[in-house]
Amino acid sequence: AETVGGGEGGGLQMPMLRNILDFSTRLTNTSGGAGASTPSVLDPERMEFLQQAISSMVENTTDVFRTSISHLSLEEGEEADRKLKHEALVLLADRVEQLDLAQGLHNLGGFKPVVECLKSSYSEIRQGACGVVAACVQNNAPMQIAAMELGALAGLMEVYANRSLAADERAAALSALSGLVRGNSTSELEFLQRSGLQMLRADMLLSEVRLRRKAIFTLGQLVASNPALRIAVLRIQSDEAGRGKGILPEIVSQIQFPDVQVSDFACMALRTLMSDPRGGAGSSGYDVRQQFPELEGMLHAKLEYFLKESDGEETDDVILIRDLLRLLCSEEGEGGAEQEGQTTGAAHGLQSSTRESPGREGREPPKLLGPSHPLDARQGR
């Protein structure tokens, strides 16, 4: 039978909904002609029916959580038990996006077994656990702290660092890591100490598109929230000239990547790196322009494309590219602090979007440079 509001909490079957509709219609029927309204009497039988119908619509979240938690403790030797365990994780992930329910799961002792599932021998269980952790810690400082205390970062890093795993599983782990480190200096530091920056760089250049998106997004989040890291990122170079290698050229190279989200996240990260909201933490537009003289033309081409696509409207894409051009065209010695009032959300551009935008997938960005151009040397494609 069809259900509305499905899940283990149960929903209303369609026949029952029709009965409720019929009941409410009869209850409000008029009698005695136009203008005379005599409601039907709500007799005990009808009252009981209505109470049962309403009860079936209301999920007892505590009972659902307790049942799910009990399934998380099952051994994984039997396929049926693994299925129950995985279904419990999927069910929890759907519910704990609400901050109070995430805390409720932790209060019931259910967050610890979720974190322990990160060490499962089975991919679907590890990936399901990543999903629950990601939902719990998203914009939720108390749950970030709880996750760190339970060792979630170490478990997530173990999954993310394992390049023998499927890209979807590693991407799920990186999503959870992104939420866990965002705005939390303790988790940021541990992530970096565990070679997180190096792994992001590799995935930004070499991985399939979904993982590449998450890597450049997470890198942008890190440099947006941590001015000290911003300086370190800009100083990571592999040759004396500082050209063609290092994180800044890697980010610039991703601006041309065919996937729109990858390109957007790269532009946001570059805007953050060129911005200086606290003074002295950004790379001046003049310096970037000297390293990448073709970048200005590239951005003007993107701006022209976005303006044409939007019929001249000042969309988010247009504002982002205008910000980049404004920063890029600053003169030598100009402080980024002067740009703070002009640049829209420069230090927090990536933080305004905590999830990928599915509506942008499949849209082709403009091809701006030929394949022989040094900035178009994209590895691993």
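Residues numbered from 1 in each chain as written. Predicted model: local features only at pLDDT ≥ 70, side-chain atom pairs only at ≥ 80, totals over all residues. Heavy atoms only, no water.

1. Quick word on the overall build of the protein chain
Worth spelling out the cut-off: Secondary structure follows DSSP: runs of H or I at least 4 residues long count as helices, runs of E at least 2 residues long count as strands, and numbering of each begins at the N terminus. Residues count as neighbours in contact if any of their non-hydrogen atoms are within 4.5 Å of one another. Working definition of accessibility: Shrake-Rupley area with a 1.4 Å probe, residue cover restricted to the visible protein chains.
From N to C terminus, the protein chain includes 20 helices and two strands. Restricting the contact set of the protein chain to residue pairs at least 6 apart, pairs at least 24 apart contribute 69%. When the accessible surface of the protein chain is split by element, carbon and sulfur atoms take 50% of a total near 18500 Å².

2. Some thoughts on helix H19 (residues 316-328)
Going by this rule: By this rule, a helix spans an expected 1.5 Å times one less than how many residues it contains. To sort residues, take the accessible area from a 1.4 Å probe on protein chains only and compare it with the maximum for the residue type: under 20% means buried, over 50% means exposed, and anything in between is partly exposed.
A rise of 1.5 Å per residue sets the reference length of H19, with its 13 residues, at 18 Å; its end C-alpha atoms lie 18 Å apart and thus fit the reference within 8%. Those residues of H19 that fall on the buried side of the exposure criterion are Asp317, Val318, Leu320, Ile321, Asp323, Leu324, Leu325, Leu327 and Leu328.

3. Notes on the pattern of salt bridges
Once the charged atoms of two side chains with opposite charge are near each other, the side chains can pair. We count it as follows: Salt bridges are counted wherever a side-chain nitrogen of Lys or Arg sits within 4 Å of a carboxyl oxygen of Asp or Glu.
Summed over all chains, the structure comprises eleven salt bridges. Between arginine 126 and glutamate 169 there is a salt bridge, and its shortest N-O distance comes to 2.5 Å. Pair noted here: arginine 126 is in helix H7 (residues 123-137) and glutamate 169 is in helix H10 (residues 167-181), with a separation of 43 residues, a long-range link. Take arginine 126 and glutamate 169: they sit in the same class, and that class is buried. Measuring nitrogen to oxygen at the nearest pair gives 3.0 Å for the salt bridge that ties arginine 322 to glutamate 314.

4. Focus: the packing of helix H15 (residues 247-254) against helix H16 (residues 260-274)
We apply this condition: The axes used here are C-alpha line fits, helices contributing only the stretch in contact, and every angle between their N-to-C directions lies in the interval 0 to 180 degrees. When describing relative orientation, an angle under 35 degrees is termed roughly parallel and one over 145 degrees roughly antiparallel, while 65 to 115 degrees is termed roughly perpendicular and anything else oblique. Should the near helix be turned counterclockwise from the far one by less than a right angle, the crossing is left-handed, whereas a clockwise turn marks it as right-handed.
Packing of H15 against H16 leaves a shortest axis separation of 8 Å and a crossing angle of 140 degrees. Of the possible angle classes, the one that applies to H15 and H16 is oblique. Judged by the twist between their axes, the crossing of H15 over H16 is left-handed. Residues Leu248, Ile251, Val252 and Gln254 of H15 lie in contact with H16, whose contacting residues are Val262, Ser263, Ala266, Ala269, Leu270 and Leu273.

5. Here's the deal with the packing of aromatic side chains
What counts here: Within 6.5 Å between ring centres, the rings of Phe, Tyr and Trp (the latter by its six-membered ring) count as paired, and their orientation is classed by plane angle as stacked under 30 degrees, edge-to-face over 60, tilted in between.
The final tally for this structure, using the stated rule, is two aromatic pairs. Relative to phenylalanine 265, the ring of phenylalanine 217 has its centre 5.0 Å away and its plane inclined at 55 degrees; by these criteria the two rings are tilted. You can see phenylalanine 217 sitting in helix H13 (residues 209-225) and its partner phenylalanine 265 sitting in helix H16, a full 48 residues away along the chain. Here phenylalanine 217 falls in the buried class, since its relative accessible area comes to 8%. For the ring pair tyrosine 305 and phenylalanine 306, a centre distance of 5.4 Å and an interplane angle of 65 degrees mean the geometry is edge-to-face.

6. Let's talk about helix H8 (residues 141-149)
Three or more residues of H8 are buried, namely Met143, Gln144, Ala146, Ala147 and Met148. Phi turns positive one or two residues past the end of H8, at glycine 151, with a value near 80 degrees.

7. Describing unusual backbone geometry
A positive phi angle, close to 50 degrees, is found at asparagine 139, a residue other than glycine. Within the secondary structure, asparagine 139 sits in the loop between H7 and H8. In this model, serine 195 sits at a positive phi of 65 degrees, which is unusual for a non-glycine residue. Tracing the chain through its elements places serine 195 in the loop between helix H11 (185-193) and helix H12 (196-206).

8. Observations concerning the packing of helix H9 (residues 152-161) against H11
Two elements in contact, H9 and H11, have axes separated by 11 Å at closest approach and are oriented at 35 degrees. Crossing hand, H9 versus H11: right-handed. Residue-level contacts link Leu153, Ala154 and Met157 of H9 to Ser187, Glu190 and Phe191 of H11.

9. Re the environment of arginine 170
Tracing the backbone through its elements, the reader meets arginine 170 in helix H10. Once the C-alpha coordinates of arginine 170 and leucine 211 are considered, the two residues, 41 residues apart in sequence, prove to be 7.5 Å apart. Discounting chain neighbours no more than four positions away, the residues touching arginine 170 are Val159, Tyr160, Asn162, Arg163, Leu165, Asp203, Ser207 and Leu211.

10. Quick word on the confidence of the model for the protein chain
Where we set the bar: For every residue, the predictor assigns a confidence score, pLDDT, that lies between 0 and 100.
Model confidence for the protein chain is summarised by a mean pLDDT of 77, while 67% of its residues fall at 70 or above. Segment residues 1-14 is flagged for pLDDT under 50; beyond a separation of four residues in sequence, or across chains, it makes 26 contacts in the model. Taken together, the stretch residues 278-282 has pLDDT below 50 and engages in 13 contacts with residues farther than four places along the chain or on a different chain.

11. Structural notes on the nonpolar core
Note the following rule: Working definition of a nonpolar core: buried Ala, Val, Leu, Ile, Met, Phe, Trp, Tyr and Cys residues. They are joined through side-chain atoms within 4.5 Å.
Of all hydrophobic cores here, the largest spans 84 residues; its most connected members are Leu105, Phe111, Val114, Val132, Ile251, Leu270 and Leu295. Sorting elements by how many residues they give to this core places H7 first, with nine residues. Contact partners of leucine 270, with chain neighbours within four places excluded, come to Leu248, Ile251, Val252, Ile255, Leu295 and Leu324.

12. Observations concerning the side chain of glutamine 254
Along the chain, glutamine 254 turns up in helix H15. On the accessibility criterion, glutamine 254 (1% relative accessible area) is buried. Those residues in contact with glutamine 254, other than ones at most four positions away along the chain, are Met204, Leu205, Arg212, Val262, Ser263 and Ala266.

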